[in-house]
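Notes for the structure review
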Amino acid sequence: MKVIVTGAKGQLGSALVKNAPAGFEIIPLTRKNFDLRETDRLKQFLQDTRPDVVINTAAFHNTERCEEMPKDTMIVNSMIPSFMADMVGDWGGIFAFISTDYVFNGQKRGEPYYEDDEPDPINIYGLSKNTGEYGVKLLNSRHYIFRTSSLFGKTSKPLGNFVLRILDRARRENILRVVNDIFITPSYTNDVSLRIWEVIQNKSPFGIYHVANSGTTSWFDFAVEIVKLAGLKVEVIPISYQESNSKLRRPKWSPLGSKKLPPLRHWKEALKEYMDEL
Ligand SMILES: NC(=O)c1ccc[n+]([C@@H]2O[C@H](COP(=O)([O-])OP(=O)(O)OC[C@H]3O[C@@H](n4cnc5c(N)ncnc54)[C@H](OP(=O)(O)O)[C@@H]3O)[C@@H](O)[C@H]2O)c1
C-alpha cells in the first residue's frame, strides 16, 4: 500500500510517518518538495505516484492569520484537499482529510461533540475546514475525515504547540494569565496518528471519525498541568477570553468524543509521556 502524507514535517504528519505500519510504503511530502498550491506540480506528482492513500495533514491553521487571509485559507484548507481527493479518486485511491473541532460553533455543553453533530463554523479557519470536508465528501466517496483537537507532539518549530508556548512563557514570566472559559480536548499526535493508522488498516467504513484523547479541560487547567509537570514555580491566573483581548471568534466549547471508536487514553497521561520526552 502506497501512502502519501502531506505536511510530513508537521506535528501530526511526522507522527504518522514515524508510526506507519510495517508494509506500508510512505511517501512524505513537505513544503521542501513543493508548495501544495503549485497545482501543476501537485497534479504531476499525484499522477506519477498514483498513491493508494493520501493523508492530508498540511493546513493553514494559524486561526488569527486565517481571518486576515481568507483566500489563502480557503485555497489550502478547502480547494487543494478537494482537488487531491478528486484526483486520487480517478484510480480508486482513498483520501484522508485532517479536520478540526473548530467546525463546531461551541454552543453545546456537558458532553463532547460527536461525529453526528452538525458543524456550524464561526471563524474563517473553521469555515475553510468545513468546506474542505464537503469538497472531499462530494468528490471522493472513498474518504476519511479525521477531526482532531488542540494537538501537541514532536515539532520542529520552537514554539510549535500550546505546551511549548506555555513552557516558554513560564520560564520568562512570573505570572501567566490563561483563559479559563474555553474548553477543549488536548490531543497527543502520537496517539492520534496510531488511531488514524488503525482506522485505515482495519478498512473501517469511510466517513467522519473524531480522534482526540479522552477528557475535557480549559486552556487554564491545561496550562496548570503543564507547569506542574515541568516543576516550574510560576503563578497561573485564570482570565476570561474577553479579558485576553482577542478579536477572533472561537468556539467556547469544542471537546471531541467518538461514537465510532474506542476512547483514547486521558490527555493528562498522554501529556506526561510527551513532556517526559522533551
Ligand atoms: N494544531 C492543532 O491544534 C490542530 C487542532 C485541530 C486540527 N488540526 C489539524 O491537524 C492537521 C495537522 O496539524 P499540525 O499541528 O500537525 O500542523 P503543523 O505542525 O503546522 O504541520 C502542518 C504542515 O503542513 C505544511 N504546510 C502548510 N501549508 C502548506 C502548503 N501550502 N504546502 C506544503 N506544505 C504546507 C506546514 O509547513 P510550514 O510549517 O512550512 O508551513 C507544516 O509542516 C492540520 O490539518 C490542522 O488543521 C490541528
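Computed from a predicted structure; not experimentally measured. (Residues numbered from 1 in each chain as written. Predicted model: local features only at pLDDT ≥ 70, side-chain atom pairs only at ≥ 80, totals over all residues. Heavy atoms only, no water.)

1. Here's the deal with the site of the ligand
If you check the shell around the ligand, you find 24 residues, and the closest are Leu 12, Arg 31, His 61, Tyr 125 and Lys 157. Asp 35 places a polar side-chain atom, nitrogen or oxygen, 3.0 Å from a nitrogen atom of the ligand. Contact distances for the ligand include 2.8 Å between an oxygen atom and a side-chain N or O atom of Lys 129. Bound to the protein, the ligand loses 85% of the 900 Å² it would expose on its own. Listed by contribution, the elements that provide at least two residues to the shell around the ligand are helix H1 (11-18), strand S4 (94-100) and helix H5 (124-139). Top element by residues in the shell around the ligand is S4. It accounts for three residues. By residue class, the composition of the shell around the ligand is eight nonpolar, 10 polar and six charged. (Near = heavy atom within 4 Å. Polar contact = N/O pair within 3.5 Å; in protein donor to acceptor, adjacent residues only side chain to side chain. Areas by Shrake-Rupley, 256 points an atom, 1.4 Å probe, with all protein chains shown as cover. Helix = DSSP H or I, 4+ residues; strand = E, 2+ residues; numbered from the N terminus. Nonpolar A, V, L, I, M, F, W, Y, C, P; charged D, E, K, R; others polar.)

2. Section: the side chain of Asn 140
Turning to its location among the elements, Asn 140 is positioned in the loop between H5 and strand S5 (143-148). On the accessibility criterion, Asn 140 (4% relative accessible area) is buried. (Buried < 20%, exposed > 50% of the residue type's maximum accessible area, 1.4 Å probe, protein only.)

3. Looking at the domain arrangement of the chain
The assigned domain composition of the chain is domain 1 (2-151 + 187-210) and domain 2 (155-184 + 215-255 + 265-276). One C-alpha centre belongs to domain 1, the other to domain 2, and the line joining them spans 25 Å. Contact residues are listed per partner, giving 24 residues for domain 1 and 19 residues for domain 2. Overall, the association of domain 1 and domain 2 removes approximately 1,800 Å² of surface from exposure, summing both partners, and the carbon and sulfur fraction of that is 52%. Of all residues in domain 1, Tyr 102, Ile 122 and Tyr 188 bury the most surface against domain 2, accounting for 29% of the area lost on that side. (Domains from an automatic or database assignment. Contact = heavy atoms within 4.5 Å. Buried area = accessible area lost by both parts, 1.4 Å probe.)

4. With respect to the nonpolar core
Looking at soluble globular proteins, one finds that nonpolar side chains tend to be buried together. Grouped together as the largest cluster of nonpolar side chains are 34 residues, with contacts concentrated most on Val 163, Val 178, Phe 222, Ile 226 and Leu 271. Every element with two or more residues in this core is listed here: helix H6 (162-172), strand S7 (175-179), helix H8 (219-230), strand S12 (235-239) and helix H9 (267-276). Lining this core are residues from two domains, each supplying at least three of them: domain 1 (2-151 + 187-210) and domain 2 (155-184 + 215-255 + 265-276). Discounting residues that sit within four places of it in the chain, Leu 271 has contacts with Phe 152, Val 163, Phe 222, Glu 225, Ile 226 and Leu 229. Val 3, Ala 8, Phe 146 and Val 192 belong to the second-largest nonpolar core, a separate cluster that totals 22 residues. (Core = buried A, V, L, I, M, F, W, Y, C linked by side-chain atoms within 4.5 Å.)

5. Regarding H8
Here H8 spans 17 Å end to end across 12 residues, near enough to the 16 Å set by a 1.5 Å rise per residue. Along H8, the residues that are buried comprise Trp 219, Phe 220, Phe 222, Ala 223, Glu 225, Ile 226 and Val 227. After H8 finishes, the residue Gly 231 shows a positive phi value of roughly 70°. (Expected span 1.5 Å × (residues − 1).)

6. Some points on the pattern of salt bridges
As enumerated under the stated definition, the model contains 18 salt bridges in all. Where Asp 35 meets Arg 31, a salt bridge forms, and the shortest distance between an N and an O atom there is 2.9 Å. By relative accessible area, Asp 35 is classed as buried at 18%. Judged by its relative accessible area of 64%, Arg 31 is exposed. With a closest N to O distance of 2.6 Å, Lys 108 and Asp 117 form a salt bridge. (Salt bridge = Lys/Arg side-chain N within 4 Å of Asp/Glu carboxyl O.)

7. A look at the side chain of Ser 218
Residue placement: Ser 218 occurs in strand S11 (residues 217-218). Ser 218 has contacts with Val 179, Asn 180, Ile 182 and Phe 183, leaving out every residue within four places of it along the chain.

8. Digging into unusual backbone geometry
A positive phi is found at Ser 150, a non-glycine position, where the angle reads about 40°. On the secondary structure map, Ser 150 appears in the loop between S5 and strand S6 (151-152). With a phi close to 50°, Lys 203 is a non-glycine residue in the positive phi region. With respect to the element layout, Lys 203 can be found in the loop between helix H7 (189-201) and strand S10 (207-210).

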